[in-house]
Amino acid sequence: MASTVDVLNRLLALHSRSLPTYLASARPWISENEQEAMTVLRHIAESQGEMVERLGTLVVDEGGVPHIGEFPMMFTDMHDLSLDYILPRLVEWIESDIVTIRQCIGELNGAPPAKAIAEEALGAAQAHLDSLHELQQSFSG
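Residues numbered from 1 in each chain as written. Predicted model: local features only at pLDDT ≥ 70, side-chain atom pairs only at ≥ 80, totals over all residues. Heavy atoms only, no water.

## Side note on the confidence of the model for the protein chain
Working step 1: On average, residues of the protein chain score 91 in pLDDT, and 96% of them reach the 70 mark or higher.
Working step 2: Taking the mean pLDDT of every element in the protein chain, the minimum, 87, falls on helix H2 (residues 19–26) and the maximum, 97, on helix H1 (residues 4–16). (pLDDT = per-residue confidence, 0-100. Helix = DSSP H or I, 4+ residues; strand = E, 2+ residues; numbered from the N terminus.)

## A closer look at the packing of H2 against helix H4 (residues 83–107)
Working step 1: Between H2 and H4, the least distance of the axes is 9 Å, while the angle of their chain directions is 145°. For the pair H2 and H4, the contacting residues are Leu19, Pro20 and Leu23 in the first and Ile86, Arg89, Leu90, Trp93 and Ile94 in the second. (Axes fitted to C-alpha atoms, helices over the stretch in contact; angles between N-to-C directions. Contact = heavy atoms within 4.5 Å.)

## A closer look at helix H5 (residues 112–140)
Working step 1: A rise of 1.5 Å per residue sets the reference length of H5, with its 29 residues, at 42 Å; its end C-alpha atoms lie 42 Å apart and thus fit the reference within 8%.
Working step 2: Within the span of H5, buried status applies to Ala114, Ile117, Ala118, Ala121, Leu122, Ala125, His128, Leu129, Leu132 and Leu135.
Working step 3: Looking at the buried positions of H5, the neighbouring elements they touch are H1, helix H3 (35–61) and H4. (Expected span 1.5 Å × (residues − 1). Buried < 20%, exposed > 50% of the residue type's maximum accessible area, 1.4 Å probe, protein only.)

## A word on the packing of aromatic side chains
Each aromatic ring pair is characterised by the separation of its centres together with the angle its planes make.
Working step 1: Applying the stated criterion across every chain yields a total of four aromatic pairs.
Working step 2: For the ring pair phenylalanine 71 and phenylalanine 75, a centre distance of 6.2 Å and an interplane angle of 50° mean the geometry is tilted.
Working step 3: Taking relative accessible area as the criterion, phenylalanine 71 reaches 25% and is therefore assigned partly exposed.
Working step 4: Three or more aromatic residues link up through ring pairs in this structure, and these residues are Tyr22, Phe71, Phe75 and Trp93.
Working step 5: One cation-aromatic arrangement involves arginine 17 over phenylalanine 71; the distance from NZ or CZ to the ring centre is 4.6 Å.
Working step 6: Directly above the ring of tyrosine 85 sits arginine 89, whose terminal nitrogen or CZ lies 4.1 Å from the centroid. (Phe/Tyr/Trp six-rings, centres within 6.5 Å; stacked < 30°, edge-to-face > 60°. Lys NZ or Arg CZ within 6 Å of the ring centre and 35° of its normal.)

## Details of the pattern of salt bridges
Working step 1: Tallied over the full model, the rule gives two salt bridges.
Working step 2: Here arginine 10 ties to glutamate 107 by a salt bridge, and the two come within 3.0 Å at their closest N and O atoms. Of this pair, arginine 10 sits in helix H1 while glutamate 107 sits in helix H4, and the two are 97 residues apart along the sequence.
Working step 3: Accessibility expressed as a relative area gives 30% for arginine 10, which makes it partly exposed.
Working step 4: Among the ionic pairs, glutamate 120 bridges to arginine 54, the shortest N-O distance being 2.7 Å. Placement of the pair is glutamate 120 in helix H5 and arginine 54 in helix H3, with a sequence separation of 66 residues. (Salt bridge = Lys/Arg side-chain N within 4 Å of Asp/Glu carboxyl O.)

## A word on H4
Working step 1: Between the first and last C-alpha of H4 there are 35 Å, a value that for 25 residues agrees with the 36 Å anticipated at 1.5 Å per step.
Working step 2: Here H4 has its buried residues at Leu83, Ile86, Leu87, Leu90, Val91, Ile94, Asp97, Ile98, Thr100, Ile101, Cys104 and Ile105.
Working step 3: Packed against the buried residues of H4 are H1, H2, H3 and H5.

What follows is the structure in structure tokens.
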């Protein structure tokens, strides 16, 4: 079984090297009518950034060293793609994050403070997914 620090670092890397965080800084191609989508993307990235700070602090409090990892190389293929095209990939990414966060929550049963922050991360990820689904509806409807 993984240590609390290992699980927290998995959550830390998941948030710090996410596709929304990458795209918020890499700025995909957006048209005039996609400004709202970019605002949502920046909001998700900011929310994940706040979670990164909290997770990093908790890793240190637990006696560990924060490890944020690296962005996956596949992200570099998305620089020149439209946000409309990228949106389904963002949804898939957040859905995958939710699965991982749930697994982490299960591994943190013996660490109440860590489990609580993981549960907050799950709630935030679910809210981010809802926001992305709303964007998808606005693009298709």
